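Commentary on secondary and tertiary structure
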Amino acid sequence: MQALVYEEGRVRPRTVAAPAAAPGHTEIRVLRTGLCGTDIGAVRKGRPAVTDNTTMGHEIVGVRVSDGRRVVVNPLVSCGICSFCRSGVTNLCTALQIIGVHMDGGFAEYVSVPDNQVIEVPSECTDEQAGIAEPVATALHAWNRAGFGPGSRVGIVGAGAIGLCVLSVATEKGATNIGVTDVDPLKRDHALKNGATAVSASLEEEYDVVFECVGLEATRKDALNAVRSGGTLILVGLADATAAFDGRSIVTFERSVIGSFGYLHQDFVEALPITAKMSTDWVTLVPLQDGPGLLDGTATPPAGSAKVHLNFAPPSSGDALTLETRSTQ
Ligand SMILES: [Zn+2]
Ligand SMILES: [Zn+2]
């Protein structure tokens, strides 16, 4: 089968053996797999460190081979026995393994994953919507970390996939005033169409809670400055390791700064029905062969696209039209 395999800092298309059936594992025929900042960080910056000869891809939608049902995969595999797992905080597991980073993932025609990681897709979700369950789970976890309720004023820095998913979660949870910033006007348009009440290049008002979904020093600083006194900054973006905060403003305005990483299994389960209500006009389906260039930066995603899905659907399905059309360009 065809797969995109990580090897010595690069990702290459390869023909590999399909995974063998294994006890406790579910075999999935992949329909599409999302490409995200985690994958790009791994290839371009070596963070997270991908195990050599691993098939990448962790935002997987496919069909369970045993019964033909559509499924998605929670890629965070926790040990179940460490103190964090025992207290239910599985995303902080000391032995956390990520499918597509430490074990073979979904940039392939087939993938085999532990049974516990598989979640059935509700019939109301399209494949495209199911394919954004992972970033929506990330957004839902961040929302839960913030602890704000309906009527909150919410700022979102960055209208990439995570920012747009936080926007949809905030709307779903009853936020009434949602400001979104992005330097890209096309992404600001997506935010306006998907529930933002204001868009701009930088946050201009003060908010009860601001979700920083980029992770640059400059955007972290701007995000903190837009938090009202006593409000909360949630850090989700991971672009830079460092932040450039004014520490005194955290003290004197009693702002809370909270990190949010990944999601719990329950977040993933609850994300799916939310995706069914979401517009996916910011998702682009591209053929497998476009993957390596998008990952290493030698190719750029289509203008305004906040999420690329790699297509593994069989040529007989409608999705394959995209693959054929694009490959003849
Ligand atoms: Zn992801
Ligand atoms: Zn654990």
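Preceding this section is the structure that the text describes.
Keep in mind that what you see is a predicted model, and the values were worked out from it rather than measured.

1. Details of the environment of Pro292
Along the polypeptide, Pro292 turns up in helix H10 (residues 291-296). In this structure the C-alpha to C-alpha distance between Pro292 and Leu4, which are 288 residues apart in sequence, comes to 7.5 Å. Among residues more than four places away in sequence, those in contact with Pro292 are Leu4, Val11 and Pro13.

2. Comments concerning unusual backbone geometry
Residue Pro48 is bonded to the preceding Arg47 through a cis peptide linkage, with omega at -5°. Tracing the backbone through its elements, the reader meets Pro48 in the loop between helix H1 (37-45) and strand E4 (54-55). Not every positive phi belongs to a glycine, and Glu8 is a case in point at roughly 50°. Along the chain, Glu8 turns up in the loop between strand E1 (2-7) and strand E2 (10-15). The phi angle at Glu254 is positive, at roughly 45°, despite the residue not being glycine. Examined against the element boundaries, Glu254 turns out to sit in the loop between helix H8 (247-252) and strand E16 (256-259).

3. Observations regarding the sheet that holds E1
Read from one edge to the other, the open sheet built from three strands follows the order E2-E1-E4, with strand pairing classed as antiparallel. This sheet does not close on itself; its edge strands, each paired only once, are E2 and E4. Of the pairings in the sheet, the one linking E1 to E4 comprises two bridges and is antiparallel in character. Bridging from a neighbouring strand, Val5 pairs with Thr55 of E4.

4. Considerations on the environment of Lys193
The residue Lys193 is located in helix H6 (residues 185-193) in this model. Judged by relative accessible area, which is 60%, Lys193 ranks as exposed. Separated by 88 residues in the primary sequence, Lys193 and Asp281 place their C-alpha atoms 9.5 Å from one another.

5. Regarding the coordination of the zinc ion (ligand 2)
Under ideal tetrahedral coordination, the four donors around a metal are separated by 109.5 degrees; under ideal octahedral coordination, the six donors are separated by 90 or 180 degrees. Coordination of the zinc ion (ligand 2) by the protein involves Cys79 (SG), Cys82 (SG), Cys85 (SG) and Cys93 (SG), with metal-donor separations of 2.3 to 2.4 Å. Read from N- to C-terminus, the donor residues coordinating the zinc ion (ligand 2) fall into the pattern C-x2-C-x2-C-x7-C. Here Cys93 lies in the loop between helix H2 (83-86) and strand E8 (97-98) and Cys82 lies in the loop between strand E7 (76-77) and H2, a separation of eleven residues in the sequence. Cys93 carries the same exposure label as Cys82, and that label is buried.

6. A look at the nonpolar core
Generally speaking, soluble globular proteins have nonpolar side chains that are buried together. Ranked by size, the top nonpolar core spans 80 residues in total, and within it Val154, Phe211 and Trp282 carry the most contacts. It is helix H4 (residues 133-146) that contributes the most residues to this core, eight residues altogether. Two domains share this core, each providing at least three of its residues, namely domain 1 (2-132 + 280-327) and domain 2 (135-259). Apart from the residues lying within four places of it in its own chain, the contact partners of Phe211 are Ala142, Trp143, Ala146, Val154, Gly155, Ile156, Val157, Val166 and Ile234. Of all hydrophobic cores here, the second largest spans ten residues; its members include Leu203, Ala223, Ala226 and Leu233.

7. Overview of the coordination of the zinc ion (ligand 1)
Taken together, the protein donors to the zinc ion (ligand 1) comprise Cys36 (SG), His58 (NE2), Glu59 (OE) and Glu134 (OE), at separations of 2.1 to 2.5 Å. Coordination geometry of the zinc ion (ligand 1): the four donor atoms subtend angles of 76 to 156° at the metal centre, consistent with an arrangement described as irregular. Within one chain, the residues serving as donors to the zinc ion (ligand 1) are arranged as C-x21-H-E-x74-E. Of this pair, Glu59 sits in strand E5 (residues 59-64) while Glu134 sits in helix H4; the two residues are 75 residues apart in sequence, bridging distant segments of the chain.

8. Quick notes on the side chain of Asp208
Relative to the assigned elements, Asp208 resides in strand E14 (residues 207-212). A polar side-chain atom of Asp208 sits 2.7 Å from a polar atom in the side chain of Arg228. Those residues in contact with Asp208 that sit more than four places away from it in its chain are Phe148, Ser152, Arg153, Val227, Arg228, Gly231 and Thr232.

9. A short note on the packing of H4 against helix H9 (residues 265-275)
Contact geometry of H4 with H9 gives a least axis separation of 8 Å together with a crossing angle of 110°. The pairing of H4 with H9 is recorded here as roughly perpendicular in orientation. At the point where H4 passes H9, the crossing takes the right-handed sense. The segment H4 lies against H9, with Ala133, Glu134, Val136, Ala137, Leu140, His141 and Asn144 engaging Asp267, Phe268, Glu270, Ala271, Leu272, Ile274 and Thr275.

10. Comments concerning the state of the cysteines
Overall, the coordinates contain zero disulfides when judged by the stated rule. The cysteine Cys125 is free of any disulfide, with Cys165 supplying the nearest cysteine sulfur at 13 Å. For Cys125, a relative accessible area of 3% translates into the label buried. What makes Cys165 buried here is its relative accessible area of 0%.

11. Considerations on the pairing of strand E12 (residues 177-181)
For E12, a buried count of four out of five residues is recorded, marking the element as mostly surrounded by other parts of the structure. Two elements, strand E11 (residues 153-157) and E12, share five bridges in a ladder whose sense is parallel. Across the sheet, residue Val154 finds its bridge partner in E12, namely Ile178. The handedness of the E11 to E12 crossover, carried by helix H5 (residues 161-172), is right-handed. Across three bridges, the pairing between E12 and strand E13 (residues 198-200) is parallel. Bridging from a neighbouring strand, Val180 pairs with Val199 of E13.

About the thresholds
- Residues numbered from 1 in each chain as written.
- Chains lettered and ligands numbered in written order.
- Predicted model: local features only at pLDDT ≥ 70, side-chain atom pairs only at ≥ 80, totals over all residues.
- Heavy atoms only, no water.
- Helix = DSSP H or I, 4+ residues; strand = E, 2+ residues; numbered from the N terminus.
- Contact = heavy atoms within 4.5 Å.
- Pairing = 2+ DSSP bridges.
- Buried < 20%, exposed > 50% of the residue type's maximum accessible area, 1.4 Å probe, protein only.
- Donors = N, O, S within 2.8 Å, 3.2 Å for Na, K, Ca; no water.
- Core = buried A, V, L, I, M, F, W, Y, C linked by side-chain atoms within 4.5 Å.
- Domains from an automatic or database assignment.
- Tetrahedral: all angles 85-135°; square planar, octahedral: opposite > 155°, others 65-115°.
- Polar contact = N/O pair within 3.5 Å; in protein donor to acceptor, adjacent residues only side chain to side chain.
- Axes fitted to C-alpha atoms, helices over the stretch in contact; angles between N-to-C directions.
- Parallel < 35°, antiparallel > 145°, perpendicular 65-115°, else oblique.
- Left-handed = near helix turned anticlockwise from the far one by under 90°.
- Disulfide = S-S within 2.5 Å.
- Right-handed = clockwise from strand over helix to strand, strands pointing away.

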